[in-house]
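Geometric and topological summary
Residue-level listing of the chains:
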Amino acid sequence: MKILIVEDEPNIASFEKLELEHEGYTVTLAQTGREALTIFEKSLNDNTEEPFSIVLLDIMLPELNGIEVLRRIRKLSQIPVVLVTARGETFDKVNGLDAGADDYIAKPFAIEELLARIRSVLRRSSSSEAGRANSPSPSQLITFDRLTLNPASYEVFIDQTLVALTKTEFLLLKCLLCHQGEVLSRTEIINEVWGEDHYIDENSVDVYVRYLRTKIDEVFNVSYITTVRGAGYTIRKPSNV
Ligand code: CA
């Protein structure tokens, strides 16, 4: 299992490398965002080497910061990315997750916590890959009124128009569509979208519902995502249509 660690502080980088190698991972270190992108792009084009399974990405990097590195990685790949923040750093978790991070961890952390996060992210990513491999046929498209969601390609269409969603927005929409007619609590949504061992604020669910409404309901003049006061969210067709 190969890990790319992007960390500009040599002490932290060598600590992480040592501990992860001790756990049996193969570690490649990058000290800057640019170096990380060069290494990562090269790995994508090299079929002779084992590909990276996960990226551990420090946010505060010189020149190109971690969020920007993450955005560029996401243009190329859905590889799991864990963001590393520093204590006291004003970092908007929602921003990081919205840029496509799978999880985040705050420095200083116990190595056990890091290992647990890495395992959890890898577990989620391998189960969604299994889902992807099993669901390429059109019969597995999820449809709802004018919406079509393709779990294999991560694409969402309204009628024939592609709707550009971030990974988290996509997963949230998929979660609601897989439970059509059910009301999901925020906790149920967090467990399904972010994973059970992800300590995410319930307000983040509201934030992402707002993003989805901005990109779908407002643009296409529909109202699919319904707030059920005191209970959570559900997706349903407007009854007056
Ligand atoms: Ca740093």
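Residues numbered from 1 in each chain as written. Predicted model: local features only at pLDDT ≥ 70, side-chain atom pairs only at ≥ 80, totals over all residues. Heavy atoms only, no water.

Looking at the protein chain as a whole, its pLDDT mean stands at 86, while 90% of the residues score no less than 70. Between residues 133-137, whose pLDDT stays under 50, and residues either more than four places distant or in other chains, the model counts five contacts. (pLDDT = per-residue confidence, 0-100. Contact = heavy atoms within 4.5 Å.)

Taking strand neighbours across the sheet as the criterion, the five strands line up as β2-β1-β3-β4-β5 in an open arrangement whose pairing is parallel. Edge positions in the open sheet fall to β2 (26-30) and β5 (103-107), since each of these has one partner strand only. Each strand axis lies, on average, 20° off the axis of its neighbour in the sheet, ignoring direction. Lying on the sheet, helix α1 (residues 10-22) is in contact with β1 (2-6), β2, β3 (52-58) and β5; it crosses β2 at an angle near 170°. Most of the contacts of helix α3 (residues 66-76) go to β3, to which it runs at about 155°, and overall it touches β3 and β4 (81-86). (Pairing = 2+ DSSP bridges. Helix = DSSP H or I, 4+ residues; strand = E, 2+ residues; numbered from the N terminus. Axes fitted to C-alpha atoms, helices over the stretch in contact; angles between N-to-C directions.)

Before going further, it helps to spend a moment on the packing of helix α7 (residues 186-193) against helix α8 (residues 202-220). Contact geometry for α7 and α8: axes closest at 9 Å, N-to-C directions at 80°. When the axis of α7 is compared with that of α8, the two are roughly perpendicular. For the pair formed by α7 and α8, the contact residues are R186, T187, I189 and I190 on the first element and E202, V205 and D206 on the second. Taken together, the residues of the contact of α7 with α8 sort by class into three nonpolar, one polar and three charged. (Parallel < 35°, antiparallel > 145°, perpendicular 65-115°, else oblique. Nonpolar A, V, L, I, M, F, W, Y, C, P; charged D, E, K, R; others polar.)

Turning to the nonpolar core, a few remarks are in order. Core analysis: the largest hydrophobic core is formed by 53 residues, its most contacted members being L57, L83, L147, L173, I189, I216 and I235. Each of domain 1 (2-133) and domain 2 (138-235) accounts for three or more of the residues forming this core. Counting 17 residues, the second largest nonpolar core, distinct from the first, contains L20, V82, I105 and F109. (Core = buried A, V, L, I, M, F, W, Y, C linked by side-chain atoms within 4.5 Å. Buried < 20%, exposed > 50% of the residue type's maximum accessible area, 1.4 Å probe, protein only. Domains from an automatic or database assignment.)

A word on the coordination of the calcium ion. Distances from the calcium ion to its protein donors, D8 (OD), E9 (OE), D58 (OD) and M60 (O), fall at 2.1 to 3.1 Å. Counting gaps between the donor residues of the calcium ion yields the pattern D-E-x48-D-x1-M. Here E9, found in the loop between β1 and α1, pairs with D58, found in strand β3; they are 49 residues apart in sequence, far enough to count as distant. (Donors = N, O, S within 2.8 Å, 3.2 Å for Na, K, Ca; no water.)

Let us now look at the packing of aromatic side chains. Each aromatic ring pair is characterised by the separation of its centres together with the angle its planes make. Enumeration according to the criterion identifies four aromatic pairs in this entry. Here F144 and Y224 contribute two aromatic rings whose centre-to-centre distance is 5.0 Å and whose plane-to-plane angle is 80°, an arrangement assigned as edge-to-face. Linking F144 in strand β6 (residues 142-144) with Y224 in the loop between α8 and β10 (225-228), this pair joins segments that are 80 residues apart in sequence. The class of F144 is buried, set by a relative accessible area of 5%. Judged by centre distance (5.3 Å) and plane angle (90°), the rings of Y208 and Y211 are edge-to-face. Here Y208 pairs with Y211, and both are found in helix α8, just three residues apart, close to one helical turn. Since its relative accessible area comes to 0%, Y208 is described here as buried. For Y211, a relative accessible area of 29% puts it in the partly exposed group. Ring pairs connect the aromatic residues W194, Y208 and Y211, which therefore count as one cluster. Lying over the aromatic face of F52, K2 brings its terminal NZ or CZ to 4.6 Å of the ring centre. (Phe/Tyr/Trp six-rings, centres within 6.5 Å; stacked < 30°, edge-to-face > 60°. Lys NZ or Arg CZ within 6 Å of the ring centre and 35° of its normal.)

Mapping R117 onto the fold places it in helix α5 (residues 111-134). Engagement of the side chain of R117 in a polar contact is seen with the backbone oxygen of Y104, the distance being 3.0 Å. In this structure R117 touches D103, Y104, I105 and Y199, once residues within four positions along its chain are discounted. (Polar contact = N/O pair within 3.5 Å; in protein donor to acceptor, adjacent residues only side chain to side chain.)

Looking now at the packing of helix α6 (residues 167-178) against α7. The interhelical angle for the contact between α6 and α7, taken along N-to-C directions, is 120°, at an axis separation of 10 Å. The angle between the axes of α6 and α7 places the two elements in the oblique class. In the crossing of α6 with α7, the sense of the turn from one axis to the other is right-handed. Across the interface between the two elements, T168, L171, L172, C175 and L176 from α6 touch I189, E192 and V193 from α7. Class assignment for the residues of the contact of α6 with α7 results in six nonpolar, one polar and one charged. (Left-handed = near helix turned anticlockwise from the far one by under 90°.)

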